[in-house]
Every structure is written in structure tokens, then in C-alpha cells.
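Close look at the chain arrangement
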Amino acid sequence: MEELVLGVDLGTSAVKVSAVNRQGKIVAQRSFDYPLSQPHPGFSEQNPEDWVNGTTVAIVELILKDGISADAVKGISYSGQMHGLVLLDHNKQVLRPAILWNDTRTSQQTQEISDQMGDDFIEITRNRSLEGFTLPKILWVKENEPQIFEAAETFVTPKDYLRYRMTGQLEMEISDAAGTVMLDVEKGQWSTAIQQAFELPASFFPPIIQGIQSAGHISESYALFSGLSTATEVFGGAADNAAGAIGSAILKPNMVWSSIGTSGVVLKYEANAEVNYHGKIHFFNHAIPNKYYSMGVTLAAGHSLNWFKRSFAPAEDFTELVASAEQSTIGAHGLLFTPYIVGERTPYADGDIRGSWLGIDSMHQRADFVRSVLEGIIFSFKDIFAIYEDAGAQFDTVIASGGGAKSALWLQIQADIFNKKVVVLENEQGPGMGAAILAAVGLGWFESVEQAAQAFASFGQVYEPKAENVEKYAQVYQMYRQVYTQTVDISHQLLAYRRQG
Ligand SMILES: Nc1ncnc2c1ncn2[C@@H]1O[C@H](COP(=O)(O)OP(=O)(O)O)[C@@H](O)[C@H]1O
Ligand SMILES: O=C(CO)[C@@H](O)[C@H](O)COP(=O)(O)O
């Protein structure tokens, strides 16, 4: 019987479970969608029970429909949507719906954190206080739902809750612990300074484990529920971006991950915690023991194109729509788009900025608008590259991933705007593959995460920058860079006007 691991990718819209063999081949995959609840503007919640049920349905289907034998599944690990808050009472019962990474109710708490701790907060956590992170969500509950806070004995992030339900052991894996912004990132321990500043008892914080560390075995009750075996060993896992980077074999400081999903991520592997970006970009502990990664986020990357398609080209598929941009040219005939359509995180941590088109001319065609959207998203990634370059980082290879990496035109635009070689992965599976790698290493199939990632990932086509395009894009980027500072006030006024109702 072929031995397998399961990589569970617990996303925001769905859970995807991949059964992977020792050669890194996905032999079967099942997914299950669950809803997102937005009870008030800015709120974004999910029911943790939906994660457990969705994962179980996917596993049951792997067993019943794909013929995966429970005995063949030697290990399981996870990739999880980051930063979500799951509050548990003394019986480890969920106290309220999980507050997710894309929930923005916490502006006041985010400010309180900065006011209270100033730069110390950034030095300890290596991150700015932002709405999406977990600490402001805890403070929101403390201030707005005191009875629930009173009953809360501990908390976890989404995939750590799922792992608890499958094993009966409650722990927080380190890359997700870093995303709570309550971890002393360099020490890899919960920060006592943060616990004291916000009056959170040490007992509130679960023990920390590493991504490849064993978290026990499938519990008897979950084995009965799912059909899995209690002999299957379970491993810590990773925050989704850490898992995505592992699955894409981002293992050296000269490589950068450029992921165009709904949001966009530019991520760099960091061999140690010596470099300090002073909160300009996120800096987190990796799921690779004693390693780190840094990243910047464009909140609406694929989402901007998705919005354009839904609003102006609902009958076309993404492939047709993106191909239409070939009819335009570099710089979209002088049309600039900024993708801040749901606010922005990097380099402008500004929830109130909104997108813009500049330079609209009566000669412009729809193709120019499509092209400007593709280019604007990559210019926003270039802004993240600029932070790295200012900090002295040197890299030569960009590994492209996410839905946006399906388009050859968009990949060439990346190579030309970044002025770097862009490489795609063959059979890209992102975070789920990263999760499977962590289980494979935990089981001892490989000596290290690095060795497993190299064995499981294979690189495909390479897009080289074209000198004449690079030069033109450098010119357009200089204009793009000015848009935020020169239009931010108007953008804020427009949003305030809209909020008047
Ligand atoms: N054929 C395609 N060509 C270019 N971009 C695409 C294509 N298909 C999807 N996309 C882009 O990828 C995005 C989805 O990426 P994906 O990685 O699946 O996102 P997520 O996992 O965050 O939902 C879409 O919003 C769209 O912008
Ligand atoms: O907030 C972050 C990273 O800081 C997001 O990357 C979430 O972790 C995204 O989850 P999915 O969109 O992949 O479900």
C-alpha cells in the first residue's frame, strides 16, 4: 500500500485536502466550501464548526470516493488562513464566531496598541499594529463583549483549532503565533511585555509548537467521526503564506514569492532575524525551524481584476479578458490604475485609501483599462520590492504563484516591471503542498523541510525581462509612485462623503 500524507489547506472560502505520496505527487484532492458571515460593515466571521465539518467531508470523500485507505495516511499537517481569533472557554468550547483576518472592525484597538506601546511593539513583534492581526481582535472583544471575554480561557488561530479538534491537543504553531502580533519574534516566545501591557494572563496563551513538530495522533473520537486511523500522526503545520512559500520552494534569500490570489503577497525567505524592516513589511517566524520570512500584502490583487471582470466583462472568462490586454501596450497608452479598491496594507497601511484611474483619454479602449489593472497590481508589488531594496536585500529570482500566474502576458509584465527573472511552478499547489511537506518531514521521510520542498516542487517556464520594456515600465512606475501621496486626501474625502450615506 502506497504511503500518503494529507495536506489540509484551511482557506477563507474553502478547505482543500490533498493526499500526497512520497514522491510529492497529489494522488487525490477534495475540497469543501463554507460561508463567510458579514453581519455589519467591516465584520467578517466564520463558524469554526464549519471548518471541522468541511475538512471531515473532504476526508470522508477521499476515503469513500477516491479509495484512499485510512491506513495509508501516515501523517497530516495544515496550512491555515492567518490571524483569525477563536475564543475558547474552560471546556474548550467556542465562545463566539471566529473573527477573521479580513475583518476591519478593530481600527480603534489598532490605534490603542500603537498609542500604548509605540515603537516597542514593532521591535518585539516586528510588525505594525494592523486591523487584520489577532491582538486588536482580542481587545475588541474585551471592550465590546466583556462577558464573552470574561469566559474566555484561551484562544487559537483557525488551523490550530482544527488540529485541536482532530487530536484533542491544544497548541499554537509558531508561524501562526507570530501572526497574532503577541509573539516576541526573535525569541520565538509569547511576549510578556505585551501580556502585561494589555492585561492578558500568561495562562490565556496556548503552548507553542513548531511546524514539523508532532501534535499527537488522530483522537479516537475524530477517528470515529472521519474514518481516519488513530495511528495517523498529526504535525503543527503553517500559516498559509509560510506554507505557500514552502510549497513553492522559496528557500533562499535570493528568491522572492509573488502570489496573485484574491490578495497579493510578495514574500521573502529570511535565514535569520537580523534584518529589521521596522514594521514596513510583515516579519514572521517561519514554519521551517529557526527561520523567518517577511512579506508585503496588496489587499486587492486578483480581487481588482475580479472586480473589473464582474463589473465590465461578466460574460468573459479570465483568460479572454487578460488576453485582451495584448491589444494595448506598455503603460496602457498613458493610463494608470492604483489597486486600492478595498484599502491597502503595504506599503501604505491605509484602510481608507481607495483606487484610482489617472490619465483617462477619449482615445482609450477597454483593452487599455484591462492592461492598466494588470500593470497597477504589479506596480503595487514593485512598491514592496522597493522596501526590500531600500533595506539592502538582493534577489534575482521571482517565483510566481496564484491564479494570476496562469497568464503568460501577466507573467511577462511581472518580469518587465520587476526587472527580474520570473519562474512558474509546474503543477502549482501552493499552501496545501507546503502542509504535505511539513507532514512528510515530521514523519522522517526527509531530513529537512528544505530537502522535502526541493523534492516536491518542480520549476517550469522562465520569463526573462525584456530590456526595452523594463525601461518604459521604469518610467511609468515613477509616475505610479506619486499617485498615493498626491491623491490621498481626495481619496479619503471621497470615502468620508460615501460614508455619510
Ligand atoms: N486565467 C487566468 N489568467 C489570469 N488571472 C487569473 C486567471 N484565472 C484567475 N485569475 C486571477 O486569479 C485570482 C484568483 O486566484 P486564486 O489563487 O485562485 O485566489 P484565492 O485562492 O485567493 O481565491 C482571480 O481573482 C483572478 O484575478
Ligand atoms: O491576512 C493574511 C496574511 O497576513 C492573508 O494572507 C490570509 O492568511 C489569507 O487567507 P486566504 O485568502 O488564503 O484564505
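Criteria and cut-off values
Residues numbered from 1 in each chain as written. Chains lettered and ligands numbered in written order. Predicted model: local features only at pLDDT ≥ 70, side-chain atom pairs only at ≥ 80, totals over all residues. Heavy atoms only, no water. Helix = DSSP H or I, 4+ residues; strand = E, 2+ residues; numbered from the N terminus. Rg over C-alpha atoms; globule rule 2.2 N^0.38 Å. Buried < 20%, exposed > 50% of the residue type's maximum accessible area, 1.4 Å probe, protein only. Contact = heavy atoms within 4.5 Å. Areas by Shrake-Rupley, 256 points an atom, 1.4 Å probe, with all protein chains shown as cover. Lys, Arg positive; Asp, Glu negative; His and termini not counted. Charge placed at Lys NZ, Arg CZ, Asp CG, Glu CD. UniProt positions renumbered as here; feature names shortened; annotations may be inferred. Domains from an automatic or database assignment. Buried area = accessible area lost by both parts, 1.4 Å probe. Near = heavy atom within 4 Å. Polar contact = N/O pair within 3.5 Å; in protein donor to acceptor, adjacent residues only side chain to side chain. Nonpolar A, V, L, I, M, F, W, Y, C, P; charged D, E, K, R; others polar. Salt bridge = Lys/Arg side-chain N within 4 Å of Asp/Glu carboxyl O. Core = buried A, V, L, I, M, F, W, Y, C linked by side-chain atoms within 4.5 Å. Phe/Tyr/Trp six-rings, centres within 6.5 Å; stacked < 30°, edge-to-face > 60°. Lys NZ or Arg CZ within 6 Å of the ring centre and 35° of its normal.

With that out of the way, let us pick up the overall build of the protein. Helices and strands together make up the secondary structure of the protein, namely 16 helices and 24 strands. By the compact-globule yardstick of 23 Å for 501 residues, the protein fits well, its C-alpha radius of gyration being 22 Å. Per-residue burial for the protein yields a buried fraction of 58% across its 501 residues. Contacts in the protein between residues at least 24 apart in sequence constitute 72% of all its contacts with a sequence separation of at least 6. Counting every atom, the protein has about 19,800 Å² of accessible surface; 48% of that belongs to carbon and sulfur. Within the protein, one finds 36 positive and 57 negative side-chain charges whose respective centroids are separated by 3 Å.

Moving on, we come to the UniProt feature "domain: Carbohydrate kinase FGGY C-terminal" (unreviewed entry) in the protein. Per the UniProt record, "domain: Carbohydrate kinase FGGY C-terminal" (unreviewed entry) is found at residues 259-442. As annotated, residues 259-442 has a helix share of 36% and a strand share of 20%, and its two end C-alpha atoms lie 26 Å apart.

For the rest of this paragraph, the subject is the domain arrangement of the protein. The assigned domain composition of the protein is domain 1 (4-241) and domain 2 (249-427 + 466-501). Inter-centroid distance (C-alpha atoms) of domain 1 to domain 2 is 28 Å. Residue-level contacts link 27 residues of domain 1 with 24 residues of domain 2. Taking both partners together, domain 1 and domain 2 bury about 2,000 Å²; carbon and sulfur atoms supply 54% of that area. Three residues, R126, R128 and N241, lead the burial of domain 1 against domain 2; their summed loss comes to 33% of the area buried on that side.

Next up on the list: the site of ligand 2. By nearness alone, every residue bordering ligand 2 is listed as G11, T12, Q81, M82, H83, W101, D240, N241, M295 and R345. At a separation of 2.8 Å, an oxygen atom of ligand 2 approaches a polar side-chain atom of D240. Between an oxygen atom of ligand 2 and a side-chain N or O atom of N241, the distance comes to 3.0 Å. In isolation ligand 2 offers 380 Å² of accessible surface; the protein chains occlude 83% of this area. Class assignment for the residues of the shell around ligand 2 results in three nonpolar, five polar and two charged.

Looking now at the site of ligand 1. Inspection of the region around ligand 1 gives 15 residues, with T262, G302, F318, T319 and G403 positioned closest. At a separation of 2.9 Å, an oxygen atom of ligand 1 approaches a polar backbone atom of G403. Contact with the protein chains hides 70% of the accessible area of ligand 1, taken as 590 Å² for the molecule alone.

In this section: the environment of A300. Structurally, the position occupied by A300 is in the loop between β19 (292-298) and α10 (302-312). Overall, the relative accessible area of 0% leaves A300 in the buried class. Distance from A300 to V398, taken between C-alpha atoms, is 20 Å for residues 98 residues apart in sequence. When sequence neighbours within four positions are dropped, the list of residues in contact with A300 reads T262, P339, I341, V342 and I377.

Before going further, it helps to examine the pattern of salt bridges. Counted according to the given criterion, the structure contains 20 salt bridges. Salt-bridge contacts for K159 lead to D160; the nearest nitrogen and oxygen are separated by 3.0 Å. The pair formed by K159 and D160 is uniform in burial state, with each residue classed as buried. For the salt bridge of E375 with R371, the shortest nitrogen-to-oxygen distance reads 3.0 Å. Within this pair, E375 and its partner R371 are both found in helix α12 (residues 366-390), separated by four residues, close to a single helical turn. If you follow the salt bridges from partner to partner, you end up with E45, R96, D103, R105 and E145 in one network.

Turning to the UniProt feature "domain: Carbohydrate kinase FGGY N-terminal" (unreviewed entry) in the protein, a few remarks are in order. UniProt's entry tags residues 5-247 with the feature "domain: Carbohydrate kinase FGGY N-terminal" (unreviewed entry), counted in the numbering of this structure. Helix makes up 37% of residues 5-247 and strand 23%, and the two end C-alpha atoms of the span are 14 Å apart.

Here we take up the environment of V5. Mapped onto the elements of the fold, V5 is located in strand β1 (residues 4-10). Classification of V5 as buried rests on a relative accessible area of 0%. Here V5 is in contact with S18, A19, V20, G75, A436, A439, A440, L443 and W445, once residues within four sequence places are set aside.

Formed by 132 residues in total, the largest nonpolar core has its most connected members in L135, F155, M182, L200 and I437. When residues in this core are grouped by element, the largest group, 13 residues, is from α12. For this core, the domains that each give at least three residues are domain 1 (4-241) and domain 2 (249-427 + 466-501). Once you skip the residues sitting within four places of it in the chain, I437 turns out to touch I246, G247, V449, A452, A453 and F456. Counting 34 residues, the second largest nonpolar core, distinct from the first, contains V17, V156, M166 and L228.

This part covers the packing of aromatic side chains. In total, this model carries 31 aromatic pairs according to the counting rule given. Taking the centre distance of 6.1 Å and the plane angle of 85 degrees together, the rings of Y340 and Y348 count as edge-to-face. Residue Y348 is classed as buried on the basis of its relative accessible area of 18%. Between F446 and F456, the aromatic rings sit 5.4 Å apart at their centres with planes inclined by 85 degrees, giving edge-to-face as the arrangement. Of the two residues, F446 is situated in the loop between α14 (431-442) and α15 (449-456) and F456 in helix α15; the sequence distance between them amounts to 10 residues. Put simply, the rings of Y277, F283, Y292, F385, Y388, F395 and F418 pair up and form one aromatic cluster. Above the ring of F283, the side-chain terminus of R126 is found at 4.9 Å from the ring centroid. Stacked on the ring of Y477, the Lys or Arg K382 has its end atom at 5.7 Å from the ring centre.

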